[in-house]
Amino acid sequence: MTVSDSTRTGDDQPLVRALNVMKSFHGNEVLKGIDLDVQRGQVVCLLGPSGSGKTTFLRCINQLESIDGGRIWVDGDLVGFRDDGGQLHHLSDKQVAAQRREIGMVFQRFNLFPHMTALENICEAPIQVRGTDKKQARERALDLLRQVGLGDKPAAYPAQLSGGQQQRVAIARALAMDPKLMLFDEPTSALDPELVGDVLKVMRDLADQGMTMIVVTHEMGFARDVADHVVFMDGGVVVEQGSPADVINNPQHERTRSFLKRMR
Ligand code: ADP
């Protein structure tokens, strides 16, 4: 493709730019040319039926999957490739790890280390990966625990916490690496309904603080209230995208309308 592959974008450029992203698994085309710009400080919600490719797209941004076609830039850097004067090369594992460190990801399942306390879970990556001083890492972890409403739980093990509390620790853990982008993959869908609100509140607070976020969610209230931009995907394509008022309240496509009807 002929796009300029080395555009180091400035602060006025999107933090994330996806152009014609394609991904197949064993011949099954899951992403069929996804385009998306995410501006700095924006919250983008990805909506769509199960199997439409939302998780795969998030995983491509974070390089948990490699793309088969198109390009993704995060903060001006080509994700998954290096540009040598117009020639593209795949990145080394080390370069991929460096890019991934800039991106926080929160999964449906919280994936905390069961043998570590909440505090230790949060400190682990800053100490091991960044080489942060232990005392400094602990202080920052305590701050983050307070930020997610768990200032009294540093010594709790995951098994002693509710699902919602574990998910808030997982968010704090991702934030401990000072990511420039946070990806959320259905962060509340494994939770009992009464625990969902606390997690969404933490995410709202983060959005208010200006964090750039891409959120796969079925929480229409959150998407309507918090998202700056909503993307409806179906069958590996973006069917429509725009403001929540446009996409959720006034969808133009029948596929979007029937999905939203099922969500009510
Ligand atoms: P969504 O998040 O919208 O539910 P996914 O991205 O999880 O959709 O999945 C899209 C399609 O890709 C599904 O058909 C799924 O089975 C398939 N898929 C996802 N990951 C893999 C994988 N690692 N191997 C094979 N197929 C996969």
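Residues numbered from 1 in each chain as written. Predicted model: local features only at pLDDT ≥ 70, side-chain atom pairs only at ≥ 80, totals over all residues. Heavy atoms only, no water.

What about the packing of aromatic side chains?
In this description, a pair of aromatic rings is defined by centroid distance and the angle of the planes.
Then comes step 1: This model, assessed by the stated rule, comprises 1 aromatic pair.
Then comes step 2: Both rings, one in Phe232 and one in Phe259, keep their centres 5.2 Å apart while their planes meet at 45 degrees; by these two values the pair is tilted. Of this pair, Phe232 sits in strand E11 (residues 229-234) while Phe259 sits in helix H9 (residues 254-263), and the two are 27 residues apart along the sequence.
Then comes step 3: Residue Phe259 is classed as buried on the basis of its relative accessible area of 1%.
Then comes step 4: Cation over ring: Arg71 sits above Phe81, and NZ or CZ is 5.0 Å from the ring centre. (Phe/Tyr/Trp six-rings, centres within 6.5 Å; stacked < 30°, edge-to-face > 60°. Helix = DSSP H or I, 4+ residues; strand = E, 2+ residues; numbered from the N terminus. Buried < 20%, exposed > 50% of the residue type's maximum accessible area, 1.4 Å probe, protein only. Lys NZ or Arg CZ within 6 Å of the ring centre and 35° of its normal.)

Topic: the pattern of salt bridges
Then comes step 1: One pass over the structure, following the stated rule, counts 14 salt bridges.
Then comes step 2: For Glu139, the salt bridge goes to Lys135, with nearest N and O atoms at 3.4 Å. In this pair, Glu139 and Lys135 are both assigned in helix H4 (residues 134-147), 4 residues apart and thus about one turn of the helix distant.
Then comes step 3: For Lys135, a relative accessible area of 57% gives the class exposed.
Then comes step 4: Here Asp205 and Lys201 are joined by a salt bridge, their closest N and O atoms 2.9 Å apart. Here Asp205 pairs with Lys201, and both are found in helix H6 (residues 193-208), just 4 residues apart, close to one helical turn.
Then comes step 5: One connected set of salt bridges, linked through shared partners, spans Arg40, Asp75, Glu102 and Lys180. (Salt bridge = Lys/Arg side-chain N within 4 Å of Asp/Glu carboxyl O.)

Some details on the UniProt feature "domain: ABC transporter" (unreviewed entry) in the protein chain
Then comes step 1: The residues that UniProt annotates with the feature "domain: ABC transporter" (unreviewed entry) are residues 16-260.
Then comes step 2: For the annotated span residues 16-260, helix accounts for 38% and strand for 27% of the residues, and the straight-line distance between the end C-alpha atoms is 26 Å. (UniProt positions renumbered as here; feature names shortened; annotations may be inferred.)

Some details on the pairing of strand E3 (residues 43-47)
Then comes step 1: Taking burial as the measure, the 5 residues of E3 include 5 buried ones, the bulk of the element.
Then comes step 2: The side-chain alternation of E3 yields two buried faces, one formed by Val43, Cys45 and Leu47 and the other by Val44 and Leu46.
Then comes step 3: Strand direction decides the pairing type here: E3 and strand E10 (residues 213-216), joined by 4 bridges, are parallel. Its bridge partner lying in E10, Val43 is registered against Met213.
Then comes step 4: Taken together, the 4 bridges between E3 and E11 define a ladder with parallel strand orientation. Residue Leu47 lies in a different strand from E11, and its bridge partner there is Phe232. (Pairing = 2+ DSSP bridges.)

Here we look at the sheet that holds strand E4 (residues 69-74)
Then comes step 1: As summarised here, the arrangement of the 4 strands in space is E2-E1-E4-E5, forming an open sheet in which the pairing is antiparallel. Edge positions in the sheet fall to strand E2 (28-38) and strand E5 (77-78), since each has one partner strand and no second.
Then comes step 2: Summarising the sheet, E4 and E5 pair through 2 bridges and their orientation is antiparallel. By the bridge assignment, Trp73 is partnered in E5 with Leu78.

Some details on the packing of H4 against helix H5 (residues 163-175)
Then comes step 1: Here H4 crosses H5 at 135 degrees, and the two axes come no closer than 9 Å. The angle between the axes of H4 and H5 places the two elements in the oblique class. H5 is crossed by H4, and the crossing has right-handed handedness. Contacts from Arg140, Leu144, Leu145 and Gln147 of H4 reach H5 at Val169, Ala172 and Leu175.
Then comes step 2: The residue inventory of the contact of H4 with H5, partitioned by class, reads 5 nonpolar, 1 polar and 1 charged. (Axes fitted to C-alpha atoms, helices over the stretch in contact; angles between N-to-C directions. Parallel < 35°, antiparallel > 145°, perpendicular 65-115°, else oblique. Left-handed = near helix turned anticlockwise from the far one by under 90°. Contact = heavy atoms within 4.5 Å. Nonpolar A, V, L, I, M, F, W, Y, C, P; charged D, E, K, R; others polar.)

Notes on the nonpolar core
Then comes step 1: Counting residues in hydrophobic clusters, the biggest one holds 51 residues, and the most contacted among them are Leu47, Ile171, Met182, Phe184, Met203 and Met213.
Then comes step 2: The biggest single contributor to this core is H6, with 8 residues.
Then comes step 3: Excluding its chain neighbours within four sequence positions, the residues that come into contact with Ile171 are Val106, Met182, Phe184, Val199, Val202, Met203 and Leu206.
Then comes step 4: Listed in part, the 30 residues of the second largest apolar core include Phe57, Leu58, Ile72 and Met233. (Core = buried A, V, L, I, M, F, W, Y, C linked by side-chain atoms within 4.5 Å.)

A look at the side chain of Gln42
Then comes step 1: By secondary structure assignment, the location of Gln42 is in the loop between E2 and E3.
Then comes step 2: A distance of 3.0 Å separates a polar side-chain atom of Gln42 from the backbone nitrogen of Gln39.
Then comes step 3: Not counting the four nearest positions on each side in its chain, Gln42 is found in contact with Asp37, Met211, Thr212, Met213, Asp228 and His229. (Polar contact = N/O pair within 3.5 Å; in protein donor to acceptor, adjacent residues only side chain to side chain.)

Side note on the site of the ligand
Then comes step 1: Neighbouring the ligand are the residues Phe25, Val30, Pro49, Ser50, Gly51, Ser52, Gly53, Lys54, Thr55 and Thr56.
Then comes step 2: Gly51 places a main-chain nitrogen or oxygen 2.7 Å from an oxygen atom of the ligand.
Then comes step 3: With respect to the ligand, the backbone of Ser52 contributes an N or O atom lying 3.0 Å from an oxygen atom.
Then comes step 4: For the shell around the ligand, the residue count by class is 3 nonpolar, 6 polar and 1 charged. (Near = heavy atom within 4 Å.)

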